[in-house]
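Residues per chain are reported as follows:
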Amino acid sequence: MLRFLIFFVLLYVIYKIIRMIRQEKPFAVRSNHNKTTSALGEELVEDSYCHTYIPISQACRKEIAGKEHYFCSKECSEKYINKNK
Ligand SMILES: [Zn+2]
């Protein structure tokens, strides 16, 4: 009787693990898909100097006077700092 109970618990644990794997699989496929379709769905930030929008991963982040600013390039950040001197 005890053996049967242990077997049943084991079966239940295996069932839970399989369910977990099955639930994770489509999510993993989805995240891989996002990587191949690159910047789609990525957060865009505005360049404080030339006002173009760039993906946050490619933006040059600078903290000026306690405020966060994003720039498309180093040149833009330098121009912005010089302009606001
Ligand atoms: Zn710019």
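Quick caveat: nothing in here was measured; it's all calculated off a predicted structure. (Residues numbered from 1 in each chain as written. Predicted model: local features only at pLDDT ≥ 70, side-chain atom pairs only at ≥ 80, totals over all residues.)

In this section: the environment of Gln 58. By the element assignment, Gln 58 lies in the loop between strand S2 (53-55) and strand S3 (60-64). The class for Gln 58 is partly exposed, based on 13 C-beta atoms found within 10 Å. Between the alpha carbons of Gln 58 and Phe 71 there is a distance of 9.0 Å; along the sequence they are 13 residues apart. (Helix = DSSP H or I, 4+ residues; strand = E, 2+ residues; numbered from the N terminus. Buried ≥ 20, exposed ≤ 12 C-beta atoms within 10 Å, placed from the backbone.)

Turning next to the confidence of the model for the chain. On average, residues of the chain score 84 in pLDDT, and 81% of them are at 70 or above. Within the chain, no element has a lower average pLDDT than helix H1 (residues 2-36), which sits at 76, and none a higher one than strand S4 (residues 67-71), at 95. Across residues 31-39, where pLDDT falls below 50, the model places 2 contacts with residues more than four positions away in sequence or in other chains. (pLDDT = per-residue confidence, 0-100. Contact = placed C-beta atoms within 7 Å.)

To continue, consider unusual backbone geometry. Not every positive phi belongs to a glycine, and His 51 is a case in point at roughly 60°. Along the chain, His 51 turns up in the loop between strand S1 (44-46) and S2.

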